[in-house]
Amino acid sequence: MTEQDLELFSEYFQLEHQIPVNIKDGGDWDSIPTMDQFEAMIPTPYKIASEMKGLEQTMLRPLRQLGDVIEPLAEYLKAQSRKIDLMMSYILQGQDDDDLKFQASSYGGGGFVFQSEQVFTLNNWIQCKLFFNEEAAAVFCLGKIVEVETISPDEDIVNNEPPATSYTYKVVFHRIRDEDREVVVRASLHQQSKLLLNKTKQRSNK
């Protein structure tokens, strides 16, 4: 991992939480598309989803400052926002390719970590789709594999077959729109708040 990649990955908070991701090998780092080429690659549902999220945040922010004065209107707009979220979630699920599906174990604004038995090449660029189902959001971006760690297989042999070797890959975002990076950051902060709230409830119930 280069020092620059390490700094970029560590620049943002990294949340330990699983989300589904799609990973497709792009090839040698020198062949990564330019930013303009990348933006032309982004499927329309991802563009719509990020724009809808941005509009939602812009619309609800001033209402929160008005407090209880217009609470009925705020609740109505939240309900409409929820309807849109459900529709977008359904559309984005159609973008999830089972043949390219993996699980990320952590993510943040700088990148993510995922595990796989499939071999990916260090320093190659990859096409990534990150799905934040609880947020009704998804992000399409290009990343760089900057670290590979081999996971020692279990010693047990199942069905007379040796256990498969798996790997942990660290990915840094290199082609991602600012609004999509914001989606990743916001999703990590929301999920962290939920986890902290659950821990507080568990402690109070003891």
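Residues numbered from 1 in each chain as written. Predicted model: local features only at pLDDT ≥ 70, side-chain atom pairs only at ≥ 80, totals over all residues. Heavy atoms only, no water.

Re the pairing of strand β4 (residues 125-132)
Put simply, side chains in a regular strand alternate between the two faces of the sheet. The buried fraction of β4 is high, at eight of eight residues. Side-chain alternation along β4 places W125, Q127, K129 and F131 on one buried face and I126, C128, L130 and F132 on a second face that is also buried. When strand β1 (residues 14-27) meets β4, the two strands line up antiparallel, connected through six bridges. Along β4, the bridge assignment pairs K24 with Q127. (Buried < 20%, exposed > 50% of the residue type's maximum accessible area, 1.4 Å probe, protein only. Helix = DSSP H or I, 4+ residues; strand = E, 2+ residues; numbered from the N terminus. Pairing = 2+ DSSP bridges.)

With respect to the nonpolar core
Among the nonpolar cores identified, the biggest contains 26 residues, and I23, F112, F114, L130 and F132 are the most heavily contacted of them. Elements that contribute at least two residues to this core include exactly β1, β2 (101-108), β3 (111-116), β4, β5 (137-151), β6 (166-175) and α5 (178-205). If sequence neighbours within four positions are ignored, L130 has contacts with I19, P20, V21, F112, A137, A138, V139, C141 and F173. (Core = buried A, V, L, I, M, F, W, Y, C linked by side-chain atoms within 4.5 Å. Contact = heavy atoms within 4.5 Å.)

Details of the sheet that holds β3
Around the barrel, six strands lie side by side as β1-β2-β3-β6-β5-β4; this closed barrel has antiparallel pairing. Strand-to-strand twist in this sheet, taken as the mean axis angle between neighbours without regard to direction, amounts to 45°. Sheet topology places β4 next to β5; eight bridges connect them, and they run antiparallel. Pairing of C128 across the sheet is with C141, part of β5. (Axes fitted to C-alpha atoms, helices over the stretch in contact; angles between N-to-C directions.)

Side note on the packing of aromatic side chains
If you walk through the whole model with that rule in mind, you get 11 aromatic pairs. With a centroid separation of 5.7 Å and 80° between ring planes, the pair formed by F114 and F120 is classed as edge-to-face. Considering the side-chain rings of Y167 and Y169, the 6.1 Å spacing of their centres and the 45° angle between planes classify their relative orientation as tilted. The pair Y167 / Y169 is uniform in exposure class, with both members buried. Each member of the aromatic cluster is reached from another via a ring pair, and the members are F102, F112, F114, F120, Y167, Y169 and F173. Sitting above the plane of the W29 ring, K144 keeps its charged end 4.8 Å from the centroid. (Phe/Tyr/Trp six-rings, centres within 6.5 Å; stacked < 30°, edge-to-face > 60°. Lys NZ or Arg CZ within 6 Å of the ring centre and 35° of its normal.)

Digging into the side chain of N124
Here N124 shows up in the loop between β3 and β4. For N124, a relative accessible area of 7% puts it in the buried group. At 3.3 Å, the side chain of N124 and the side chain of D25 are in polar contact. Among the polar contacts made by the side chain of N124, one reaches the main-chain carbonyl oxygen of G27 at a distance of 3.5 Å. (Polar contact = N/O pair within 3.5 Å; in protein donor to acceptor, adjacent residues only side chain to side chain.)

Details of unusual backbone geometry
One non-glycine residue, N123, adopts positive backbone phi at about 75°. Tracing the backbone shows N123 in the loop between β3 and β4. Given a relative accessible area of 34%, N123 falls into the partly exposed group.

Some points on the pattern of salt bridges
This structure, assessed with the given rule, holds seven salt bridges. In this structure, K170 engages E147 in a salt bridge whose closest nitrogen and oxygen atoms are separated by 3.6 Å. Separated by 23 residues along the polypeptide, K170 in strand β6 and E147 in strand β5 bring together distant segments of the chain. Residue E147 is classed as partly exposed on the basis of its relative accessible area, which comes to 33%. Across the pair R177 and E179 runs a salt bridge, and its minimum N-O distance is 3.4 Å. (Salt bridge = Lys/Arg side-chain N within 4 Å of Asp/Glu carboxyl O.)

This is a description of form; function is not addressed.
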